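Observations on the three-dimensional arrangement
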Protein chains: 2
Amino acid sequence: MTQGASGDGPGRGETYSGAARERFERLYETLRNRICLLDYPPGHRLSEEALATEFGVSRTPLRRVLGWLEAQGLLRSVQGVGTIVTDVEIDALSQIYQLRMELAELIGRLGPREPDETMLTLFRNLRDRGQQLAESPDARAFAQFNIDVFQALMQVSNNKPLRETSERLFYLTSRIWLQSVPQIDLGQEATILAREVEELLTAIEIGDLAAVGLIRRAHISMSFIRLIRYRDG
Amino acid sequence: MTQGASGDGPGRGETYSGAARERFERLYETLRNRICLLDYPPGHRLSEEALATEFGVSRTPLRRVLGWLEAQGLLRSVQGVGTIVTDVEIDALSQIYQLRMELAELIGRLGPREPDETMLTLFRNLRDRGQQLAESPDARAFAQFNIDVFQALMQVSNNKPLRETSERLFYLTSRIWLQSVPQIDLGQEATILAREVEELLTAIEIGDLAAVGLIRRAHISMSFIRLIRYRDG
DNA sequence: AAATGCATTGTTGTGTACAACAACACGCGC
DNA sequence: GCGCGTGTTGTTGTACACAACAATGCATTT
């Protein structure tokens, strides 16, 4: 393949200011999803050469993507060894969860965004998806649903730094559920998450965004406790 | 210069696992300081080629450093134009300050670290420096002192994600004071900061770390209000 | 004189070859 | 049989040459 003559890259005309940036974000989200969905489990060593070949680029632009993922704490590159998917040890997990709880509450307090029809539709769709998921639990679908619920919640606040910080911490810890999937009660977790979405939807319909933050915080708190209990036995 | 034969690079034997990493961190902190101390003011276009030449490396390792700074929001690279130091517009500044206030309070609540003699000495030295600064105000010394006070405060909490998040937001906004230096009353600001350090030291000596967070939050809140007043007239 | 097209220049983005490094396996000595 | 040194292999790190791109200045045209 010749340089830059990517087949599907510049297809959409919305290259706001650079086709390279678009490709970067595509690679970034692709790899982040693979990490969060445990296609690349913690400790997995992925090869720059192999990834570059797969995506039809050279190592150079790929390394920029890996660099960002490393900056987010999802990867760790060490010379002579490889690029390793990070693992989250239990005490670091606890610290992140403590902070995530506080930030979840802030989502409803800092720059709340008035719920519009779009947001309501979004959460109603999530509620329906949650009910289906609770009826027929599936590990991967659960993980994806968890991500989608989080991303929907991020639209509640206008505070961009808060959203970015919450995102970073979320993607750092969301994998733990898929990792513990043999031990956890997937059906119960799906049911709990589905009910959380229902509660969130109720609060949004009323327009009480502070309540949204409190509900979310409570569920993060409880889910961490359940997680610890799962792991302990 | 041949590859890797840097004169001062591998001088210290504490290369925990890679001399490259050490060099990376040195470049990173150097450039971050230059940005935060306004050696590179917002809007400034810095050349990869020139920087690589200055540091005696090739563009490749330098680009990794620039990539991290871009991930932290301090730089913005655009093809064909250059690598530009970001500017903070007033509304984004407000959002960051709101979040910083909340995080400051959390510093005293999440994983507080018992003050030891080292920390007390650190803050007592800062108190002395603050008094000297208040007597003979200097813009650059004020900015550096502001950074050092912040870094000392980061040692109060054991929560690493909270520290990293606070750092990111701090370095994103600390430049605003040097930017406004013709308009602000530098002597007054130095006096206020020195007194804040005194208050913080008092709280630390008592061992009330929650108070530390509250004091810090209050000062962040007030300093933002003063900043807005400075800018408005 | 003003506007427009175009060449020039300088920048970041990309591809590629090689160096530095660490892990592994093999063979040698004990 | 066991320990150790060493070559081999695969990885990330680095340097460099070139492509893609945007801005600028200049000549040309209207």
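See the structure printed just above.
Residues numbered from 1 in each chain as written. Chains lettered and ligands numbered in written order. Predicted model: local features only at pLDDT ≥ 70, side-chain atom pairs only at ≥ 80, totals over all residues. Heavy atoms only, no water.

Here a ring pair, both rings aromatic, is described through the centre-centre distance and the interplanar angle of the planes. This model, assessed by the stated rule, comprises 13 aromatic pairs over all chains. An angle of 0 degrees between the planes, with centres 4.0 Å apart, marks the rings of F150 of chain B and F170 of chain B as stacked. Residue F150 of chain B is found in helix α6 (residues 139-153), and its partner F170 of chain B is found in helix α7 (residues 160-173); the two are separated by 20 residues along the sequence. Residue F170 of chain B is classed as buried on the basis of its relative accessible area, which comes to 1%. Put simply, the rings of F24, Y28 and W68 of chain A pair up and form one aromatic cluster. Looking at R100 of chain A, its charged tip hangs above the ring of Y97 of chain A, at a distance of 5.3 Å from the centre. (Phe/Tyr/Trp six-rings, centres within 6.5 Å; stacked < 30°, edge-to-face > 60°. Helix = DSSP H or I, 4+ residues; strand = E, 2+ residues; numbered from the N terminus. Buried < 20%, exposed > 50% of the residue type's maximum accessible area, 1.4 Å probe, protein only. Lys NZ or Arg CZ within 6 Å of the ring centre and 35° of its normal.)

This brings us to the protein's contact with DNA strand D. Inspection of the region around DNA strand D gives 24 residues, with R63 of chain A together with R23, S58, T60 and R64 of chain B positioned closest. One nitrogen or oxygen atom from the side chain of R63 of chain A is found 2.8 Å from a phosphate oxygen belonging to DNA strand D. Measuring from a phosphate oxygen of DNA strand D, one finds a side-chain N or O atom of R23 of chain B at 2.6 Å. Only α3 (59-71), β2 (75-78) and β3 (82-85) of chain A together with α1 (19-36) and α3 (59-71) of chain B provide two or more residues apiece to the surface near DNA strand D. Here the surface near DNA strand D takes 3 residues from α3 of chain B, the largest share from any one element. Here the residues of the surface near DNA strand D are counted per class, giving 7 nonpolar, 12 polar and 5 charged. (Near = heavy atom within 4 Å. Polar contact = N/O pair within 3.5 Å; in protein donor to acceptor, adjacent residues only side chain to side chain. Nonpolar A, V, L, I, M, F, W, Y, C, P; charged D, E, K, R; others polar.)

Residues and elements named next belong to chain B. Read from one edge of the open sheet, 3 strands run β1-β3-β2, paired in antiparallel fashion. On the outer flanks of this sheet lie β1 (45-46) and β2 (75-78), each paired with one strand and no other. Examined bridge by bridge, β1 and strand β3 (residues 82-85) share 2 bridges and lie antiparallel to one another. Bridge pairing in β3 places R45 opposite I84. (Pairing = 2+ DSSP bridges.)

Bringing the sheet that holds strand β1 (residues 45-46) of chain A into the picture now. All names here are of chain A. If you trace the 3 strands from one edge of the open sheet to the other, you get β1-β3-β2, paired in antiparallel fashion. At either end of the open sheet lies a strand with only one pairing partner, and these are β1 and β2. Where β2 and β3 come together, 4 bridges link them in antiparallel fashion. Among the inter-strand pairings, L75 is bridged to a residue of β3, identified as V85. Set on the sheet, α3 makes contact with β1, β2 and β3; between it and β2 the angle comes to about 115 degrees. (Contact = heavy atoms within 4.5 Å. Axes fitted to C-alpha atoms, helices over the stretch in contact; angles between N-to-C directions.)

Here the focus is unusual backbone geometry. Backbone geometry places L38 of chain A, a non-glycine residue, at a positive phi of 65 degrees. If you trace the backbone, L38 of chain A turns up in the loop between α1 (19-36) and β1.

A separate point is the relation of the copies chain B and chain A. If you rotate chain B by 180 degrees and push it 0.0 Å along the axis, it lands on chain A with an RMSD of 0.0 Å. The transformation relating the two chain copies, once decomposed into turn and shift, fits a two-fold axis. Counting the interface residues of chain B, we find that 100% of their copies in chain A are interface residues as well, pointing to one common contact surface. (Least-squares fit on C-alpha atoms with pLDDT ≥ 70 in both.)

Of all residues adjacent to DNA strand C, which total 23 residues, the nearest are R23, S58, T60 and R64 of chain A together with R63 of chain B. Within 4 Å of the protein, atoms of DNA strand C come from sugar and phosphate in 68% of cases. For DNA strand C, a phosphate oxygen lies 3.0 Å from a polar atom in the side chain of T83 of chain B. Secondary structure elements with two or more residues in the surface near DNA strand C: α1 and α3 of chain A together with α3, β2 and β3 of chain B. Ranked by the residues each element gives to the surface near DNA strand C, the list is headed by α3 of chain A, at 3 residues. For the surface near DNA strand C, a count of residues per class yields 7 nonpolar, 11 polar and 5 charged.

A separate point is the interface of chain B and chain A. In this complex, chain B contributes 31 residues to the contact, which on the side of chain A involves 31 residues. Summing both partners gives a buried area of about 2500 Å² for chain B against chain A, and 49% of it is carried by carbon and sulfur. Three residues, W68, Q95 and L99 of chain B, lead the burial of chain B against chain A; their summed loss comes to 20% of the area buried on that side. With a shortest N-O distance of 2.9 Å, E102 of chain A and R109 of chain B are connected by a salt bridge. Where chain B packs against chain A, one counts 16 residue pairs in polar contact (both at pLDDT 80 or more). Counting residues per element, the ones that place at least two in the side of chain B that touches chain A are α1, α3, β2, α4 (90-109) and α7 of chain B. For the side of chain B that touches chain A, a count of residues per class yields 12 nonpolar, 9 polar and 10 charged. (Buried area = accessible area lost by both parts, 1.4 Å probe. Salt bridge = Lys/Arg side-chain N within 4 Å of Asp/Glu carboxyl O.)

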